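Geometric and topological summary
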Amino acid sequence: MGCCLSQDTFPVSQVHLHKGTRQGGLNLGDEIPDFTANSTEGIINFHEWLGGSWAILFSHPADFTPVCTTELGRVMQLHEDFRKRGVKVIALSCNSIADHNTWTQDILAYINATGDLPYPILEDTDRKLATRLGMVDPVEHDQLGMPMTCRAVFIIGPDKRLRLSILYPATTGRNFK
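Here's a quick rundown of the structure. (Residues numbered from 1 in each chain as written. Predicted model: local features only at pLDDT ≥ 70, side-chain atom pairs only at ≥ 80, totals over all residues. Heavy atoms only, no water.)

**A short note on the packing of aromatic side chains**
For the coordinates displayed, the defined rule picks out three aromatic pairs. Between the aromatic rings of F58 and Y119, the centroid separation amounts to 6.2 Å while the plane-to-plane angle is 55°, which identifies the pairing as tilted. Here F58 is found in strand β4 (residues 54–60), whereas its partner Y119 is found in the loop between α3 (97–110) and β6 (121–123), with 61 residues between them in sequence. Exposure class is identical for F58 and Y119. Each is buried. One residue, K88, lies across the ring of W49, its end atom 5.3 Å from the ring centre. (Phe/Tyr/Trp six-rings, centres within 6.5 Å; stacked < 30°, edge-to-face > 60°. Helix = DSSP H or I, 4+ residues; strand = E, 2+ residues; numbered from the N terminus. Buried < 20%, exposed > 50% of the residue type's maximum accessible area, 1.4 Å probe, protein only. Lys NZ or Arg CZ within 6 Å of the ring centre and 35° of its normal.)

Below, the structure written as structure tokens:
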């Protein structure tokens, strides 16, 4: 039950929700909808990427912000601990892949690391995915008047169901220590 995404058919900056998904947020125990999106690691079909693993999906209001930069750096430092526990990590931000790739260099410089981030960052420039997952702050808007993605952390079980959800405004930071 899904659709196929071809770079020839659809612009890769768009997120394509699969058949059977509904609009709105998610409740604990809901299955995370399957979607196909562009990421820093190429096109990702979420359910296929997740496989039978646990996952942490976390969202950011924008690339290059101090809180987001320090957080993604810290997650990179903790990535081996997540991997040892069979937990995959994926981030979502409302900027383009080009911005994500440039931002990655800032993240690496902040933590004095080299190489690549060991997890993908999803592109969601039109906020379609963030809206679908209920990760949009209804109060905060960017300079273009688009709703900002709130800071969200989703823990997703191997059954692809939402096991934990933490949502708070873009104006509030968080700490991964």
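**Some words on the nonpolar core**
In terms of nonpolar packing, the biggest core is built from 22 residues, with L57, L122 and F154 touching the most fellow members. Residue assignment for this core shows that the elements contributing at least two residues are β2 (35–39), α1 (46–50), β4, β5 (87–93), α4 (128–133) and β9 (151–156). Contact partners of L57, with chain neighbours within four places excluded, come to I90, L92, L122, L133, M135, A152, V153, F154 and I156. Ranked by size, the runner-up nonpolar core spans 19 residues in total, among them C68, W103, Y119 and I121. (Core = buried A, V, L, I, M, F, W, Y, C linked by side-chain atoms within 4.5 Å. Contact = heavy atoms within 4.5 Å.)

**A look at the environment of D137**
With respect to the secondary-structure elements, D137 resides in strand β7 (residues 136–141). Those residues in contact with D137, other than ones at most four positions away along the chain, are P147, M148, C150, P169 and A170. Engagement of the side chain of D137 in a polar contact is seen with the backbone nitrogen of V139, the distance being 2.8 Å. Here the side chain of D137 touches E140 through a polar contact of 3.2 Å, landing on its backbone nitrogen. (Polar contact = N/O pair within 3.5 Å; in protein donor to acceptor, adjacent residues only side chain to side chain.)

**Considering α3**
For α3, with 14 residues, the first-to-last C-alpha span of 20 Å sits near the 20 Å given by 1.5 Å per residue. Looking at α3, one finds that the buried residues are I97, H100, W103, T104, I107 and L108. Considered in projection along α3, the buried side chains sweep an arc of 145° and stay on one side of the axis. Facing away from the buried side of α3, by more than 90 degrees, are the exposed residues A98 and A109. Residues of α3 that are buried make contact with β2, β4, α2 (66–84), β5 and β6. Of the residues one or two after α3, N112 is the one with positive phi, at around 55°. (Expected span 1.5 Å × (residues − 1). Arc of directions from axis to C-beta.)

**Re the pattern of salt bridges**
Scanning all chains against the criterion turns up two salt bridges. Put simply, R83 and E80 hold a salt bridge, and the shortest N to O gap is 2.4 Å. Of this pair, R83 and E80 are both found in helix α2, three residues apart, which corresponds to roughly one turn of the helix. Of the residues examined, E80 reaches a relative accessible area of 36% and is grouped as partly exposed. One salt bridge in this structure joins R163 and D159, with 2.3 Å as the shortest N-O distance. By relative accessible area, R163 is classed as partly exposed at 39%. Since its relative accessible area comes to 35%, D159 is described here as partly exposed. (Salt bridge = Lys/Arg side-chain N within 4 Å of Asp/Glu carboxyl O.)

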